[in-house]
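Here is how the chains run, residue by residue.
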Amino acid sequence: MNQPIPCPTKIEINEVAPRDGLQIEARFVPTEEKIRWIDALSTTGLRRIEATSFTSPKAIPNLRDAADVVTGIQRRGGMDITVLVPNVKGTERALACQVDEINLVMSASNSHGLANLRMTPEQSLEQFAAILEVTQGSGVFINASLSTTFGCPFEGEVPEVRVLELVEKLVALGIQGVTLCDTTGMANPAQVKRLCKAALERWPETPFTLHFHNTRGMGLANALAAWEAGISRFDASLGGLGGCPFAPGASGNVCTEDLVHMFEAMGVDTGVDLDALLEVAATLPDLIGHDVPGQVVKAGKSTRRYAMPAQRTT
């Protein structure tokens, strides 16, 4: 009988707002402002920042300045810059910018794969093999994100056996890390815990990251379930920004500052300076031109205290 995997005492957070958050915003954030924002984020103790995507400017115009952003930001020790790439051409552009990590993306469901990437999962795997050839000897960490792991907006349930089959193929290809993505917020904590346990038991040496959207208000609950199953790596987005432009109903990601607040309140080390993170989060409305869903930046930390109201006299 397998021993239960202990809950991690320390977690790592990959900040995805500069990529996942900005890709669907109505306003194009100028390159200089993106660089200042990412530089500010890099001082907060985040382990990784997904700075952009080397995709076609026609597909995602908001990230058309990918190379300028990556080459313009400050590199800090202990923090990796990761980027999403859709194909070999994007990989070559990313390598030229000396990124630390490349994140590939594919879908667990045929329909979302065709809608998002114009490829079935099997076709994506073929392309991954070509990308891995290009990255050989580069020293860059290769991660693959598996979209619709917990459900597809077109097909509904994605069988767990199908997800594990695709993870097995990714690992066999030589992919170093795998992100399990709740693309449109369809996951529930019981499902998350079950799948995470199965993945960690089969591939204990593979770094698994969990990527949750808060579409139905269950982002933090699902992150907690993943942590209880033994997961120590999470994607999160400052302010709760984000969403997939090719997945109907995909609202923002689980909020970084809310996630950090939850885990720190539980005594779990995130490595993040929450006060510094909240300062950066407070600048988001001005950066993107609208309010954001994050709660802790509005309510304050749970340690916040208020003065007693004045006593009434009778």
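Residues numbered from 1 in each chain as written. Predicted model: local features only at pLDDT ≥ 70, side-chain atom pairs only at ≥ 80, totals over all residues. Heavy atoms only, no water.

Peer 1: What is the right way to look at unusual backbone geometry in this model?
Peer 2: Peptide bonds are trans in most cases, and residues, glycine excluded, mostly fall at negative phi. The phi angle at Q98 is positive, at roughly 60 degrees, despite the residue not being glycine. Here Q98 is to be found in the loop between α4 (88-96) and β4 (101-107). The phi dihedral of T148 falls on the positive side, at around 55 degrees, and the residue is not glycine. (Helix = DSSP H or I, 4+ residues; strand = E, 2+ residues; numbered from the N terminus.)

Peer 1: Which parts of the structure should I look at to understand the packing of helix α10 (residues 256-265) against helix α11 (residues 274-281)?
Peer 2: If you want to describe how two helices pack, look at the angle between their axes and the distance between the axes. Viewed as axis vectors pointing N to C, α10 and α11 meet at an angle of 160 degrees, and their least axial separation amounts to 10 Å. Between α10 and α11, the angle is such that the two are roughly antiparallel. Crossing geometry of α10 relative to α11 is assigned as left-handed. Here T256, E257, V260 and H261 of α10 lie close against α11, whose contacting residues are L274, L277, L278 and A281. (Axes fitted to C-alpha atoms, helices over the stretch in contact; angles between N-to-C directions. Parallel < 35°, antiparallel > 145°, perpendicular 65-115°, else oblique. Left-handed = near helix turned anticlockwise from the far one by under 90°. Contact = heavy atoms within 4.5 Å.)

Peer 1: What is the right way to look at the pairing of strand β7 (residues 208-212) in this model?
Peer 2: Among the five residues that make up β7, five are buried, leaving the element largely enclosed by the rest of the structure. Alternating positions in β7 separate into two faces, F208, L210 and F212 on one and T209 and H211 on the other, with burial throughout. Sheet topology note: the strand β6 (residues 177-182)/β7 ladder contains five bridges and is parallel. Within β7, the residue paired with L180 across the bridge is L210. Here β7 pairs with strand β8 (residues 233-236) via three bridges, running parallel. By the bridge assignment for β8, L210 is matched with F234. (Buried < 20%, exposed > 50% of the residue type's maximum accessible area, 1.4 Å probe, protein only. Pairing = 2+ DSSP bridges.)

Peer 1: In this structure, what is going on with empty space enclosed by the protein? I would like to understand it.
Peer 2: The rolling of a water-molecule-sized probe over the atoms marks out the regions of remaining empty space. By the definition in use, this model includes one cavity of 30 Å³ or more. Volume-wise, the largest cavity comes out at about 50 Å³. When contributions to the lining of the largest cavity are tallied by element, the ones reaching two or more residues are β2 (48-53) and β4. Here the lining of the largest cavity is built from residues that sort into no nonpolar, six polar and four charged. (1 Å grid on protein atoms, 1.4 Å probe; cavity = no way out; pocket = protein on both sides within 12 Å on 5 of 7 lines; lining within 4 Å. Points joined across faces, edges and corners; volume = space filled by probe spheres on them. Nonpolar A, V, L, I, M, F, W, Y, C, P; charged D, E, K, R; others polar.)

Peer 1: Help me out: how do you make sense of the layout of surface pockets in this one?
Peer 2: Empty space within the second largest pocket amounts to approximately 210 Å³. Here the lining of the second largest pocket is built from residues that sort into six nonpolar, eight polar and three charged.

Peer 1: Would you take a moment to explain the pattern of salt bridges for this structure?
Peer 2: Pairs can form between side chains of opposite charge whenever their charged atoms are close. In the structure shown here, the tally under the stated rule is 17 salt bridges. With a closest N to O distance of 3.6 Å, E12 and R233 form a salt bridge. With E12 in strand β1 (residues 12-15) and R233 in strand β8, the pair connects residues that are 221 residues apart, well separated along the chain. With a closest N to O distance of 2.9 Å, D275 and K301 form a salt bridge. Placement of D275 in helix α11 and of K301 in the segment after α13 (296-299) is noted, with a sequence separation of 26 residues between them. Residue K301 is classed as partly exposed on the basis of its relative accessible area of 28%. (Salt bridge = Lys/Arg side-chain N within 4 Å of Asp/Glu carboxyl O.)

Peer 1: Even after reading the chapter, I still don't get the packing of aromatic side chains, so can you show me in this structure?
Peer 2: Any two aromatic rings considered together are summarised by their centre-to-centre distance and by the angle between their planes. Following the criterion strictly, the structure yields four aromatic pairs and no others. Geometrically, the ring pair formed by F234 and F263 is tilted, given 5.6 Å between the ring centres and 40 degrees between the ring planes. With F234 in strand β8 and F263 in helix α10, this residue pair connects regions lying 29 residues apart in the sequence. The pair formed by F234 and F263 is uniform in burial state, with each residue classed as buried. An aromatic cluster of three or more residues is present, and its members are W227, F234 and F263. Over the aromatic face of F28 sits the side chain of R64, whose NZ or CZ is 3.8 Å from the ring centroid. (Phe/Tyr/Trp six-rings, centres within 6.5 Å; stacked < 30°, edge-to-face > 60°. Lys NZ or Arg CZ within 6 Å of the ring centre and 35° of its normal.)

Peer 1: What is the right way to read helix α9 (residues 219-228) from this model?
Peer 2: In an α-helix, one full turn covers 3.6 residues, which means residues spaced three or four apart are oriented alike. Every buried residue of α9 is accounted for by G219, N222, A223, A225, A226 and W227. For α9, the elements touching its buried residues are β6, α8 (189-202), β7, β8 and α10. Remark: G230 follows α9 within two positions and exhibits a positive phi of approximately 115 degrees.

Peer 1: Help me understand the environment of I24, please; the structure alone is not making it clear to me.
Peer 2: If you trace the backbone, I24 turns up in the loop between α1 (17-21) and α2 (31-41). Judged by its relative accessible area of 38%, I24 is partly exposed. Sequence separation between I24 and P293 is 269 residues; the distance between their C-alpha atoms is 15 Å.

Peer 1: Would you mind showing me how to read the packing of α9 against α10 here?
Peer 2: Interaxial distance between α9 and α10 falls to 11 Å at its minimum, and their mutual angle equals 50 degrees. As the angle between them shows, α9 and α10 are arranged oblique. At the point where α9 passes α10, the crossing takes the right-handed sense. Contacts between α9 and α10 pair L220, A223, L224 and W227 from the former with D258, L259, M262 and F263 from the latter.

Shape descriptors only; they carry no functional weight alone.
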